[in-house]
Amino acid sequence: MGNFSKLAFTPSVKAVQERMGSRRAYARFEPGPLAPDSLGETESEFLAEQDHFYIASVGSTGWPYVQHRGGAKGFVQVLDEHTLAFADLRGNRQYISLGNIETDERVALIFVDYPTRTRLKILARAKVLGRNEATPLFERIATDPKVEHIVQLQVEAIDWNCQQHITPRFTEEQIAELVRPLRAEVERLEHENARLRSEVEGRPAPPRAGSH
């Protein structure tokens with residue numbers, strides 16, 4: 001969080017923290033020179049499991065813009081300890097984020113893992129690369145034909161946020177995995193019920209599903 005606090009805690013932010021009683025707790029993160037934070041093993045493992053994030057940019061009018069980006073799990077790739085990249089898929093063709101990046105390369109990203117109620121915030125400088133500008137990178141991560149650009153992110157700061165107020169949510173795949181033991185137990189009980197009923201009625205028990 002060292003660099004994050006230096007970039008995000010502006011004088012007005014510090015004034016509010018002082019007024020609300022949290023300034024002393026956050027001040028300890030600020031000593032030391034301004035230097036980019038590094039992506040470590042924890043961040044790399046977390047990002048490899050993510051299938052979406054939100055990215056904020058600011059346009060020339062001064063208005064912020066937040067956009068959702070999604071893909072296959074791990075579509076945001078860690079290139080090195082200071083660099084991320086993701087394939088930008090064709091959408092509604094408004095290109096607001098891309099246009100904003102052309103006038104201000106600074107962006108903010110937030111990744112939220114809802115089942116574990118974990119979130120990671122990243123401040124970075126973005127560069128939009130076309131296929132001709134980054135052929136090796138395209139070959140590495142642009143596997144979908146809808147990919148129009150690669151967005152490369154030079155990480156300036158990271159911050160792991162607290163779990164408060166995150167409501168757990170689960171994908172269909174995650175729910176299926178969670179209920180797998182319950183389905184197996186229901187199947188076992190249904191078979192046991194059928195067997196007992198057959199014994200009472202004096203007929204052969206039906207074979208269990210999946211048995212040979």
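To be clear, the structure that these remarks concern was listed above.
As the structure is a computational prediction, the values presented were derived from the model and not from experiment.

**Q** Help me understand a nonpolar patch on the surface in this model?
**A** Taken together, the side chains of Phe 170, Ile 175 and Leu 178 make up a nonpolar region of the molecular surface, amounting to roughly 290 Å² of accessible area. Secondary-structure assignment places Phe 170 in the loop between β7 (147-161) and α7 (172-201). Taking relative accessible area as the criterion, Phe 170 reaches 40% and is therefore assigned partly exposed.

**Q** Just to check I follow, could you spell out the pattern of salt bridges for this structure?
**A** Taken as a whole, this structure holds 10 salt bridges when the rule is applied. Residue Glu 49 pairs with Lys 73 through a salt bridge whose shortest N-O separation is 3.6 Å. Placement of Glu 49 in the loop between α4 (41-48) and β1 (52-58) and of Lys 73 in the loop between β2 (64-70) and β3 (76-80) is noted, with a sequence separation of 24 residues between them. Owing to a relative accessible area of 45%, Glu 49 belongs among the partly exposed residues under this scheme.

**Q** What exactly am I supposed to notice about the packing of aromatic side chains here?
**A** To describe a pair of aromatic rings, you give the distance between the ring centres and the angle between the ring planes. Enumeration over the complete set of coordinates arrives at 6 aromatic pairs. Here Phe 46 and Trp 160 contribute two aromatic rings whose centre-to-centre distance is 5.0 Å and whose plane-to-plane angle is 75°, an arrangement assigned as edge-to-face. Placement of the pair is Phe 46 in helix α4 and Trp 160 in strand β7, with a sequence separation of 114 residues. Note on Phe 46: relative accessible area 11%, which makes it buried. Trp 160 gets classed as partly exposed once you look at its relative accessible area, which sits at 32%. With centroids separated by 5.9 Å and ring planes inclined at 20°, the aromatic side chains of Phe 53 and Phe 75 adopt a geometry described as stacked. Pair noted here: Phe 53 is in strand β1 and Phe 75 is in the loop between β2 and β3, with a separation of 22 residues, a long-range link.

**Q** Got a minute to help me understand unusual backbone geometry in this structure?
**A** Glycine aside, the phi torsion of most residues is negative, and most peptide linkages are trans. Of note, Arg 117 is a non-glycine position whose phi angle comes to about 55°, a positive value. The residue Arg 117 is located in the loop between β5 (106-113) and β6 (118-129) in this model. The backbone of His 165 shows a phi angle near 70°, a positive value even though the residue is not glycine. The residue His 165 is located in the loop between β7 and α7 in this model.

Conventions we followed
- Residues numbered from 1 in each chain as written.
- Predicted model: local features only at pLDDT ≥ 70, side-chain atom pairs only at ≥ 80, totals over all residues.
- Heavy atoms only, no water.
- Patch = residues over 30% accessible without salt bridge, like charges linked within 9 Å, V, L, I, M, F, W, Y side chains within 5 Å.
- Areas by Shrake-Rupley, 256 points an atom, 1.4 Å probe, with all protein chains shown as cover.
- Salt bridge = Lys/Arg side-chain N within 4 Å of Asp/Glu carboxyl O.
- Helix = DSSP H or I, 4+ residues; strand = E, 2+ residues; numbered from the N terminus.
- Buried < 20%, exposed > 50% of the residue type's maximum accessible area, 1.4 Å probe, protein only.
- Phe/Tyr/Trp six-rings, centres within 6.5 Å; stacked < 30°, edge-to-face > 60°.

Read these as spatial facts, not as claims about activity.
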